[in-house]
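# Chain and residue survey
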Amino acid sequence: MFSKNQIVPVTIEDISDTGEGIGHVDGFTLFVSRAVPGDTVRARILKAKKTYAIAKAEEVLTPAPGRVAPECPVAGSCGGCQLSFLAYESQLALKQKKVEDCIRRIGGFADVPVLPIIGMEEPRAYRNKGQFPVGTAGLGFYAGHSHRIVPTASCGMLWPGHEEILSAVREYLAESGAKPYDEETGRGLVRHVLMRKGFATGEIVVCLVVNGTEIPAPETLWERLRKVEGVVGLCLNVNREKTNVILGDRLIPLFGKASVTDCIGDVKFEISPMSFYQVNPVQTKVLYDTALAYAGLTGSETVWDLYCGIGTISLFLAKAAKKVYGVEIVPEAIENAKENARINGLANAEFYVGAAEEVFPRLVKENPAIGADVIVVDPPRKGCDEKLLTTMLAMAPGRIVYVSCDPATLARDLKVLCAEGYRLERVQPVDQFPGSVHVESIALLQRMSNTRSKEITLDVDMEDYHRIKSEGR
Ligand code: SAH
């Protein structure tokens, strides 16, 4: 057992999902921040438990191959870029290994190709969205694994110029007397500053998350913000809960536009601050092009895009498909999706709001002839709901394209699908988040022709469904 503040030398063997180096000493597992696989470090124990301990690297004894001095002045204290101590090539190698390990060990796919990860040419200033917490300590970022705010003026992963927005907000806070939110007491007003930029259009919308429904003298903030190049709107988001979740569920537009316009390829999107939108536009194009290629559309297919957000993948595929259905849980995102279908003149895309695992089976039940030739899923980190996987199997699409931001839940779900008649063709990792430990992957599954579709708890007459389908709708 270790004691607090004890110093131990440890060699880092692996990296955790949240970016700490993992090493073992005398049968104990150490999670060491500021350390990467291949390093041997002197680690200071911060918290000791029965079987593991949390520690911080205080000195590098032997550096990992690929270890570099981070460019960012707040590397190590900011919780954002856990891999800033590694050269970009080494970051990519680590992510490649993570995806391969999950696919082989969790999924049990020994021979399926995991293609070489697609990285960025310029892995900096790529993010189109910033979210900065505001608290009694100031406006900045969270230190790793805590809600301690470290004041900061800028982030090297965001577009150059975003720091002007931060200073405008900082000046406004000082002048207006709007109180920062205090997580301990639940008092105070301003909780977060959110900003999103459409890289293709240059438009920026700023959103303050507040513990209330108004801010003092909002026009003085707007006067400052509108001078920043690109800023087209200011909104409030109301979050009065004592919670770690950043956004509340009400948006109050104050000045200018309440959504940002952006384009990916030749598809145009309106994006509310309430909606999810991929943060790395360059790599998103790569991801969606891959999704389109994997979907293998000829123009006659019915496609489902589950967890569709603002309908990005749906609309990307709609041009090449007969019909696309999108399902998403956030109402504002579905409003965006419908509007996006309209502005792109894509009349063959239809969107539904609700949990995919509820809405998809319900729609199939209501209309057994609805069909699914290709299903695309892009769930949050926890992966697909079991009920959804069951419905997907029951629908027996020829192809499933699985976009994932967590290779462990991806591998788990692929295993379920492949136990019931699908073959995993390949997995393509794409680096959407340079600097961070996270990695995106996209997988293609083909239905094997000799399998019967699963007759399951759907409460739908699947025989009827397949008869109608084979008769041609
Ligand atoms: N495909 C989109 C969004 C992917 S992010 C894109 O590329 O932009 C995952 C999305 O799933 C988010 O928009 C989130 O709001 C939504 N979501 C989370 N849980 C859900 C559920 N149970 N059913 C449907 N959508 C859900």
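What follows concerns the site of the ligand. Near the ligand there are 17 residues, and of these Tyr288, Glu328, Ala356, Glu357 and Asp378 occur at the shortest range. Ile329 places a main-chain nitrogen or oxygen 3.3 Å from a nitrogen atom of the ligand. For the ligand, whose free accessible area comes to 570 Å², the fraction covered by protein is 89%. Of all the secondary-structure elements, those providing two or more residues to the shell around the ligand are α5 (312–318) and α7 (356–366).

Glancing now at the state of the cysteines. Overall, the coordinates contain zero disulfides when judged by the stated rule. Counting only cysteine sulfurs, Cys235 is the nearest neighbor of Cys207, a cysteine outside any disulfide, at a range of 5.2 Å. For Cys235, a relative accessible area of 0% corresponds to the buried category.

Turning next to the sheet that holds strand β9 (residues 149–151). Taken in spatial order, the seven strands make up an open sheet running β9-β8-β7-β10-β11-β12-β13, and their pairing is mixed. Only two strands of the sheet have a single partner each, and these edge strands are β9 and β13 (250–256). Along the sheet, successive strands turn relative to each other by an average axial angle of 35 degrees, direction set aside. Packing of helix α3 (residues 218–225) onto the sheet brings it into contact with β11 (204–210), β12 (231–238) and β13, and relative to β12 it is tilted by some 145 degrees.

Okay, the side chain of Lys323 next. With respect to the helices and strands, Lys323 occurs in strand β17 (residues 323–328). At 2.6 Å, the side chain of Lys323 and the side chain of Glu350 are in polar contact. What Lys323 contacts, discounting residues up to four positions off in sequence, is Glu301, Thr302, Val303, Asn348 and Glu350.

Let us now look at the domain arrangement of the chain. As far as domains go, the chain holds domain 1 (1–67), domain 2 (129–264) and domain 3 (280–470). Facing the four residues of domain 2 at the interface are eight residues of domain 3. A combined buried area of about 480 Å² lies between domain 2 and domain 3, and 78% of that area is made up of carbon and sulfur atoms. Seen at the junction of domain 2 and domain 3, the total is zero salt bridges. Summed over the shared surface of domain 2 and domain 3, the number is zero residue pairs in polar contact (both at pLDDT 80 or more). A class-by-class count of the residues in the side of domain 2 that touches domain 3 yields three nonpolar, no polar and one charged.

In this section: the environment of Thr62. Structurally, the position occupied by Thr62 is in strand β6 (residues 52–62). Residues in contact with Thr62, not counting those within four places in the same chain, are Gly38, Asp39 and Thr40.

Attention now moves to the sheet that holds β6. Judged by pairing direction, the sheet is mixed, and its six strands sit side by side in the order β1-β5-β6-β4-β3-β2 without closing on themselves. Each having just a single partner strand, β1 (7–11) and β2 (14–15) make up the two edges of the open sheet. Note: strand β5 (residues 40–48) against β6, eight bridges, orientation antiparallel. For Ala48, the partnering residue across the bridge sits in β6 and is Ala53.

The next thing to look at is helix α2 (residues 162–176). Along its 15 residues, α2 runs 21 Å from first to last C-alpha, staying within 8% of the 21 Å computed at 1.5 Å per residue. Within the span of α2, buried status applies to His162, Ile165, Leu166, Ala168, Val169, Tyr172 and Leu173. One side of α2 holds all its buried residues, which, seen down the axis, span an arc of 160 degrees. Where α2 is buried, its residues meet β7 (129–135), β8 (138–142), β10 (190–197), β11, α3 and β12.

With that settled, the discussion passes to α7. Three or more residues of α7 are buried, namely Ala356, Glu357, Val359, Phe360, Pro361, Leu363 and Val364. Against β16 (302–306), β17, β18 (349–353), β19 (374–377) and α8 (386–395) lie the buried residues of α7.

How each quantity is defined
- Residues numbered from 1 in each chain as written.
- Predicted model: local features only at pLDDT ≥ 70, side-chain atom pairs only at ≥ 80, totals over all residues.
- Heavy atoms only, no water.
- Near = heavy atom within 4 Å.
- Polar contact = N/O pair within 3.5 Å; in protein donor to acceptor, adjacent residues only side chain to side chain.
- Areas by Shrake-Rupley, 256 points an atom, 1.4 Å probe, with all protein chains shown as cover.
- Helix = DSSP H or I, 4+ residues; strand = E, 2+ residues; numbered from the N terminus.
- Disulfide = S-S within 2.5 Å.
- Buried < 20%, exposed > 50% of the residue type's maximum accessible area, 1.4 Å probe, protein only.
- Pairing = 2+ DSSP bridges.
- Axes fitted to C-alpha atoms, helices over the stretch in contact; angles between N-to-C directions.
- Contact = heavy atoms within 4.5 Å.
- Domains from an automatic or database assignment.
- Buried area = accessible area lost by both parts, 1.4 Å probe.
- Salt bridge = Lys/Arg side-chain N within 4 Å of Asp/Glu carboxyl O.
- Nonpolar A, V, L, I, M, F, W, Y, C, P; charged D, E, K, R; others polar.
- Expected span 1.5 Å × (residues − 1).
- Arc of directions from axis to C-beta.

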